[in-house]
Amino acid sequence: MSKPTQMSAPMRAPAWVSTRRLFEQSLQDLHKCTKLNQIKEVHAQIIKRDLHRDLYVAPKLISAFSLCHEMTLAVNVFNQIQDLNVHLYNNLIRAYVQNSQPSLAFAAFFDMQKNGVFADNFTYTFLLKACNGQAWLPLVQMMHSHVEKCGFFGDLFVPNSLIDSYSKCGLLGVNSAMKLFVTMDEKDIVSWNSMIGGLVKAGDLSAARTLFDEMPVRDTVSWNTILDGYAKAGEMNEAFELFNKMPGRNVVSWSSMVSGYRKAGDMEMAKLLFDKMPVKNVIPWTIIISGFAEKGLVKEAARLYDQMEATGLRPDDGTLISILAACAESGSLGLGKRVHASIKMTRFKCSINVSNALVDMYAKCGSIDMALSVFNGMHKRDLVTWNCMLQGLAMHGHGEQALQLFSRMQDEGFKPDKVTLIGVLCACTHAGYVDEGLCFFNTMERDYGIVPHIEHYGCMIDLLGRGGHLKEAFRLVQSMPMEPNAVIWGTLLGACRMHNAVELAEVVLDRLVTHEPSEPGNFSMLSNIFAAAGDWNSVANMRLQMKGTGVQKPSGASSIELDNEVHEFTVFDKSHPKSDTIYQMIDKLGHDLKKVGYVQQIDP
DNA sequence: ATAGGGTTAG
């Protein structure tokens, strides 16, 4: 360590003065520092100067390590301190919240109470943030009662956080938020905005609008909240009107509009607004790219992806996950691979969530080998990883492999959840393991503590129905503890179609139309069953009935991806530039198939 | 403390 010497040149301050000033400067901004190397350097200096137990320095260190996701180091700092105070606990609690470990945040809170350290308003705002991911009403209520006991309502941060956390707990939560909101003597703009946001989230747009019109002063957040409410509800005319009327628009306002048009399926308007945006960040880029990808317009999506990279914007996890999910939905393997390549180029390692999205994308696009390869290459996996892989194997008929994966995940200590069991039952269905499926279904509550949800009943009806056990399937529908929905009846109808069970099909359709009176597919399904049974009178009757109720069958479409472009085909489609050649080939294939004895099944 | 994109589910 350098010591001050008399030999230093008089013109300049000695080196140790500047390092000390530098050090003090680093200490000042330490809690905002996100570069781990720099923090470690300062940390070393801190230890050298024996400052690591300093009650001013330690919280800053915790905060800095937390921002770098170095929780072990943060906790180490905390554990060095003998006489703990609120400030230290608050920093630890916030660190856990930032690093998505809400239960440890609460553990720290209980520890704090045990040690006789009193919580303050900061503690409660952090803890309420920890409640947000859980959407668990009793937890928020518990925080509420704590706060009431301590009387922190003078600070608007606490009641405002309560409104926000309540609002994230579904419909009951919004009621509690409203109760609190109306009793607040003093409110600020955040109270109003949080309450409006809660109502929007609960789907009560008109109540949200009433509050919005009532509030004394509105800021950009207020306008954006209500604007996004209309956009999410698909009410784009109202959204557009507000968008034009609002005093100041920012990236968020524009993004809500682009997102709204995308959700409404209007990519033309979405692109128009996107192009007009004065400032763009990764979020609007994400919306527009995944919007095109979702529709299978992969050329446009890929072009925009290149453009985004060219502007120097780095896609974050949200961008990658969103685009990969869109690829999975539309089956755009080419674009998915393109995104994967870009991840490999630009990232040293990718997060669990991004890897999960990759596994899912490859599996859904039919590339089960690539899905397995990403899966096997992952250093860390979570429940979603296993569920995606299991589902992928199951969907592609690798029932045996799926069930092996199921036992492997348990060997590695993962507890199956609701989604896992849907995958397991699905694997049994696609592999034709009727008995194994029944066994899993009957023991899932005992063995895994999962009460069968309607989705599991759906799987079982599919399993029994496909296997030709139609009576058992129907009996299961009748004995379900919950009201069967359209999915259940639709699955059963599909099984009737598969096994030409005319009488049961009529009963099932009768129930199905009470749920989906205008879904044309259901009628065609029954119509197909009649046709297969040679009952052409009933087919004709059904057609008349459909005409009478105005139900129209849209033409079915199939699609295929070639050279990074998704081609879609409908019946009698002549729009493709090479349609003549395509139809010639189809005719030839038809002839060849007939020669080997294939009998074509024609949907009326 | 409040606003825009985010992985699994027939």
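Residues numbered from 1 in each chain as written. Chains lettered and ligands numbered in written order. Predicted model: local features only at pLDDT ≥ 70, side-chain atom pairs only at ≥ 80, totals over all residues. Heavy atoms only, no water.

Looking up chain A in an unreviewed UniProt entry gives the name Pentatricopeptide repeat-containing protein, with the organism given as Hevea brasiliensis.

With a phi angle near 45°, serine 100 is a residue other than glycine that sits in the positive phi range. Examined against the element boundaries, serine 100 turns out to sit in the loop between helix 5 (86-98) and helix 6 (102-114). Positioned with a positive phi, asparagine 500 is a non-glycine residue whose angle comes to about 50°. If you trace the backbone, asparagine 500 turns up in the loop between helix 29 (486-498) and helix 30 (502-515). Here asparagine 500 falls in the partly exposed class, since its relative accessible area comes to 40%. (Helix = DSSP H or I, 4+ residues; strand = E, 2+ residues; numbered from the N terminus. Buried < 20%, exposed > 50% of the residue type's maximum accessible area, 1.4 Å probe, protein only.)

All right, on to helix 20 (residues 333-346) then. The end-to-end C-alpha distance of helix 20 is 20 Å, a good match for the 20 Å that 14 residues give at a rise of 1.5 Å each. Buried within helix 20 we find Leu335, Gly336, Val339, His340, Ser342 and Ile343. Along the axis of helix 20, the buried residues cluster in a sector spanning 160°; they form a single face. Within helix 20, the exposed residues directed more than 90 degrees away from the buried face are Lys344 and Met345. (Expected span 1.5 Å × (residues − 1). Arc of directions from axis to C-beta.)

On to the nonpolar core. In terms of nonpolar packing, the biggest core is built from 165 residues, with Ile288, Ile289, Met389 and Ile461 touching the most fellow members. When neighbours within four sequence positions are excluded, isoleucine 289 is seen to be in contact with Ala301, Leu304, Tyr305, Met308 and Ile323. (Core = buried A, V, L, I, M, F, W, Y, C linked by side-chain atoms within 4.5 Å. Contact = heavy atoms within 4.5 Å.)

Two elements in contact, helix 5 and helix 7 (residues 121-132), have axes separated by 9 Å at closest approach and are oriented at 15°. For the element pair helix 5 / helix 7, the angle class is roughly parallel. The way helix 5 lies across helix 7 gives a crossing that is left-handed. Of the residues in helix 7, those in contact with Val86, Asn90, Ile93, Arg94 and Val97 of helix 5 are Phe122, Thr123, Phe126, Leu127, Lys129 and Ala130. Here the residues of the contact of helix 5 with helix 7 are counted per class, giving seven nonpolar, two polar and two charged. (Axes fitted to C-alpha atoms, helices over the stretch in contact; angles between N-to-C directions. Parallel < 35°, antiparallel > 145°, perpendicular 65-115°, else oblique. Left-handed = near helix turned anticlockwise from the far one by under 90°. Nonpolar A, V, L, I, M, F, W, Y, C, P; charged D, E, K, R; others polar.)

Attention now moves to the UniProt feature "repeat: PPR" (unreviewed entry) in chain A. The sites that UniProt annotates as "repeat: PPR" (unreviewed entry) are residues 85-119, 188-218, 219-253, 281-315 and 382-416. Segment residues 188-218 splits into 74% helix and 0% strand. End C-alpha atoms: 11 Å apart. Annotated as residues 281-315, this span is 74% helix and 0% strand, and its ends, taken at the C-alpha atoms, are 10 Å apart. (UniProt positions renumbered as here; feature names shortened; annotations may be inferred.)

On average, chain A scores 84 in pLDDT, and the residues at 70 or more come to 80%. This model gives residues 1-10 a pLDDT under 50, and the stretch forms four contacts once residues within four places in sequence are excluded. Long-range and interchain partners of residues 552-557, a stretch whose pLDDT sits below 50, account for twelve contacts in this model, where long-range means more than four residues apart. (pLDDT = per-residue confidence, 0-100.)

For the structure on display, the rule yields 13 aromatic pairs. Between phenylalanine 181 and tryptophan 192, the ring centres sit 5.2 Å apart and the planes meet at 85°, which makes this aromatic pair edge-to-face. Within this pair, whereas phenylalanine 181 is found in helix 10 (residues 170-183), its partner tryptophan 192 is found in helix 11 (residues 189-201), the two being separated by eleven residues in sequence. For tryptophan 192, a relative accessible area of 14% corresponds to the buried category. Seen in terms of ring centroids, phenylalanine 406 and tyrosine 448 are 5.7 Å apart; in terms of plane orientation they differ by 65°. Their pairing is edge-to-face. You can see phenylalanine 406 sitting in helix 24 (residues 399-411) and its partner tyrosine 448 sitting in helix 26 (residues 434-448), a full 42 residues away along the chain. Members of the aromatic cluster, each reached through a chain of ring pairs, are Phe109, Phe110 and Tyr124. For arginine 249, the ring lying beneath its charged end belongs to phenylalanine 243, and the centroid distance is 5.1 Å. Across the ring face of phenylalanine 375, the terminal group of arginine 381 is positioned such that the distance to the ring centre comes to 4.4 Å. (Phe/Tyr/Trp six-rings, centres within 6.5 Å; stacked < 30°, edge-to-face > 60°. Lys NZ or Arg CZ within 6 Å of the ring centre and 35° of its normal.)

We now examine the packing of helix 8 (residues 137-150) against helix 9 (residues 157-167). Packing of helix 8 against helix 9 leaves a shortest axis separation of 10 Å and a crossing angle of 165°. On the basis of the axis angle, helix 8 is roughly antiparallel to helix 9. Between helix 8 and helix 9 lies a crossing of left-handed hand. Counted together, Leu137, Val140, Gln141, His144 and Val147 of helix 8 and Val158, Leu162, Ser165 and Tyr166 of helix 9 form the full contact between these two elements.

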